[in-house]
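Here is what each chain is made of, one letter per residue.
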Amino acid sequence: MTLAHRALLVHLLTATGAVFAMLAMLAASDERWSLMWLWLVVAFFVDGIDGPLARKYDVKANAPQYDGVLMDLIIDYLTYVFIPAYALFSSDLLPGWTGWIAIIVITFTSVVYFADTRMKTRDNSFAGFPGCWNMVALVLFALGPNFWVSLGIIAVLAVAMFLPVKFVHPVRTERWRPVTLPMALAWVFFAGWAAWVDFDAASWAGWGLAVTSLYLALAGVAQQVIYRERL
């Protein structure tokens, strides 16, 4: 198999995310939330491995007929933003007007953020909260907090998208990667487990999600404070 063929296969791997997004949306339309999240976890895993493969096989040089970055952004908006926002709205986590506020804030701020050319920092981290609403919504599904708490978290993170606050990339941010990457993999494990047991409150997968999510959310801020970094 030539290098060009391998690069093309990476693009096709990325494209499977659109299929998983559709499967997740179909499950969501039937309010089969656990199945929806399982499909989104699969899409999240694919999104985590296609980037390193794209760099390994240099898809820009060996399969330039397809724009992998654009493809990735389209799929990310579906799986990170659109479907999780729909799930929050259609479930009982954010009833009434709170659900309307959540979906308007999440979808509007995210499309603006995704189009921002300044979203990446010098060390390949993210400038501002990177619109990972799939992670936020899944934790809310697992822990089931009061709707005021959920709405407050959404509001804070929506504002954080446009603040000079650093959020680490689990794979590409080199500093603390020996800790960050296992934390990200643990998050995927706990997410899949929580969805598999239908978000059973007796399972401690939710608390595993909470711990790993807090690390992933605050590691970049900690680096800014400890090393006095500027974005």
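In this text, all values refer to a predicted model and were calculated from it rather than measured experimentally.

About the thresholds
- Residues numbered from 1 in each chain as written.
- Predicted model: local features only at pLDDT ≥ 70, side-chain atom pairs only at ≥ 80, totals over all residues.
- Heavy atoms only, no water.
- Salt bridge = Lys/Arg side-chain N within 4 Å of Asp/Glu carboxyl O.
- Helix = DSSP H or I, 4+ residues; strand = E, 2+ residues; numbered from the N terminus.
- Buried < 20%, exposed > 50% of the residue type's maximum accessible area, 1.4 Å probe, protein only.
- Axes fitted to C-alpha atoms, helices over the stretch in contact; angles between N-to-C directions.
- Parallel < 35°, antiparallel > 145°, perpendicular 65-115°, else oblique.
- Contact = heavy atoms within 4.5 Å.

Visitor: Even after reading the chapter, I still don't get the pattern of salt bridges, so can you show me in this structure?
Guide: Any two side chains of opposite charge can pair, given that their charged atoms come close. Under the criterion given, the structure shown has 4 salt bridges. Two residues, Glu229 and Lys166, come together in a salt bridge whose shortest N-O distance is 2.9 Å. Of the two residues, Glu229 is situated in the segment after helix H9 (205–227) and Lys166 in strand S2 (residues 166–167); the sequence distance between them amounts to 63 residues. With a shortest N-O distance of 2.1 Å, Arg175 and Glu229 are connected by a salt bridge. A residue pair is termed long-range when its members are at least 10 positions apart, and Arg175 in the loop between S2 and helix H8 (177–196) and Glu229 in the segment after H9 qualify at 54 residues. Here Arg175 falls in the partly exposed class, since its relative accessible area comes to 31%. Salt bridges sharing common partners tie together Asp123, Lys166, Arg175 and Glu229.

Visitor: Even after reading the chapter, I still don't get the packing of helix H4 (residues 68–90) against helix H6 (residues 133–143), so can you show me in this structure?
Guide: In helix packing, the relevant descriptors are the interaxial angle and the interaxial distance, both defined with respect to the helix axes. At their nearest, the axes of H4 and H6 sit 7 Å apart, and the two run at 30 degrees to each other. With respect to H6, the element H4 is oriented roughly parallel. Of the residues in H6, those in contact with Thr79, Tyr80, Val81, Pro84, Ala87 and Leu88 of H4 are Trp133, Asn134, Ala137, Leu140 and Phe141.

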